[in-house]
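Chain by chain, the residues:
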Amino acid sequence: MSFHPPMAYDATFQRSKRTLAEPGEPFTYTAENRAKLDEIVARYPAEQRRSAVLPALYLVQYQQGYITGHAMEYVAGLLGITPADVEDVVSYYTMFYTKPVGKFVLSVCRTLSCAINGAERVVHELCHQLHVKPGETDATGTFTVLEVECLGACDKAPVIMVNDAWHEKQSPDTVKQLLDDLRAKGESSLTDCHMAAKVKG
Ligand code: FES
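As a starting point, this report considers the structure included with it.

Rules and cut-offs
Residues numbered from 1 in each chain as written. Predicted model: local features only at pLDDT ≥ 70, side-chain atom pairs only at ≥ 80, totals over all residues. Heavy atoms only, no water. Buried < 20%, exposed > 50% of the residue type's maximum accessible area, 1.4 Å probe, protein only. Helix = DSSP H or I, 4+ residues; strand = E, 2+ residues; numbered from the N terminus. Pairing = 2+ DSSP bridges. Axes fitted to C-alpha atoms, helices over the stretch in contact; angles between N-to-C directions. Contact = heavy atoms within 4.5 Å. Expected span 1.5 Å × (residues − 1). Parallel < 35°, antiparallel > 145°, perpendicular 65-115°, else oblique. Left-handed = near helix turned anticlockwise from the far one by under 90°. Salt bridge = Lys/Arg side-chain N within 4 Å of Asp/Glu carboxyl O.

### Topic: the pairing of strand 1 (residues 104–109)
Then step 1. Where burial is concerned, most of strand 1 is hidden: six out of the six residues are buried.
Then step 2. On strand 1, burial covers both faces: F104, L106 and V108 on one face and V105, S107 and C109 on the other are all buried.
Then step 3. Of the strand pairs in this sheet, strand 1 and strand 2 (residues 143–148) are connected by six bridges, and their pairing is parallel. Bridge pairing in strand 2 places C109 opposite V148.

### A few points about unusual backbone geometry
Peptide bonds are, in most cases, trans, and in most cases residues other than glycine have a negative phi.
Then step 1. The linkage connecting A157 with the following residue, P158, adopts the cis geometry, with an omega of -5°.
Then step 2. Tracing the backbone through its elements, the reader meets P158 in the loop between strand 2 and strand 3 (160–162).
Then step 3. Its identity is not glycine, yet N163 carries a phi of approximately 50°, on the positive side.
Then step 4. Here N163 shows up in the loop between strand 3 and strand 4 (165–167).
Then step 5. Positive phi outside glycine occurs at K169, with the angle close to 50°.
Then step 6. Here K169 lies in the loop between strand 4 and helix 7 (172–185).
Then step 7. On the basis of relative accessible area, K169 is assigned to the exposed category, the value being 56%.

### Focus on the sheet that holds strand 2
Then step 1. With respect to topology, four strands assemble into an open sheet ordered 2-1-3-4, the strand pairing being mixed. What marks the edges here is a single partner per strand, and that holds for strand 2 and strand 4. Going from strand to strand, the sheet's axes swing by 25° on average, the running direction of each strand aside.
Then step 2. Strands in contact with helix 6 (residues 119–130) are strand 1, strand 2 and strand 3; relative to strand 1, the strand with the most contacts, it is inclined by about 155°.
Then step 3. Strand contacts of helix 7: strand 1, strand 2, strand 3 and strand 4, with the helix running at about 5° to strand 3, the strand carrying the most contacts.

### Some points on helix 6
Then step 1. Counted at 1.5 Å a residue, the expected span for helix 6 with its twelve residues is 16 Å, and the 16 Å between its end C-alpha atoms agrees.
Then step 2. Among the residues of helix 6, those classed as buried are A119, V122, V123, E125, L126, C127 and L130.
Then step 3. Against strand 1, helix 5 (112–116), strand 2, strand 3 and helix 7 lie the buried residues of helix 6.
Then step 4. At the exit of helix 6 stands H131, carrying a positive phi of roughly 60°.

### Notes on the packing of helix 1 (residues 31–41) against helix 2 (residues 53–64)
Then step 1. Close contact between helix 1 and helix 2 brings their axes to 10 Å; oriented N to C, the two are set at 165°. Classed by the angle they form, the pair helix 1 and helix 2 counts as roughly antiparallel. Here helix 1 and helix 2 pass one another in a crossing that is right-handed. Taking contact as the criterion, the partners of N33, K36, L37 and I40 in helix 1 are, on helix 2, P55, A56, L59 and Q63.

### Points about the pattern of salt bridges
Then step 1. This model, assessed by the stated rule, comprises eight salt bridges.
Then step 2. Notably, a salt bridge pairs D38 with R34, separated by 3.1 Å at the nearest N-O pair. Pair noted here: D38 and R34 are both in helix 1, with a separation of four residues, about one helical turn.
Then step 3. Between R110 and E147 there is a salt bridge; the shortest N-O distance is 3.9 Å. One end of the pair, R110, is in the loop between strand 1 and helix 5; the other, E147, is in strand 2, and 37 residues separate them in sequence.
Then step 4. Exposure remark for R110: the relative accessible area of 43% places this residue in the partly exposed category.
Then step 5. Connected via shared salt-bridge partners are R110, E147 and E149.

In structure tokens:
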């Protein structure tokens, strides 16, 4: 005699149909980026092409600024995985964007070390200076402010990642200067301390 309730044997299980990010325009890598991906894929065993999904997505983002549904399908085809596999990665990591963002994305860490060292005041000041809320892009299309989890530089809190570059020990006073520098000097004012720079080559 079983104490388990009877199971519904006619139940069917299927993967839910998901809608990828906005499809956008058809996407292919430039010849240069395709060559970079081929070089990266060659580092892995042939049956492990999927291991290149992170650099493949970085290359998409460097090329067109954000990652569309068509780009996910394109990457999936190149790596022999499904578009849903690619979307899982895109939606998990905050450094991948599915909508247009500003020229400079200011990702402020809000995890413990940064939180207790004033990250909230840093976000407040950035938003005040740019007239935005977290998650928004300013009216000029130059700056997007995001709140993210630990950026791995907890001993230098609070940390802002500007595109791929960490800017450490920030405060409400320093972020105004940071914005001024970015406006005046552009990318040359970024620090160069992130591994992603190696993907760009
Ligand atoms: S808690 Fe902010 S970088 Fe780790």
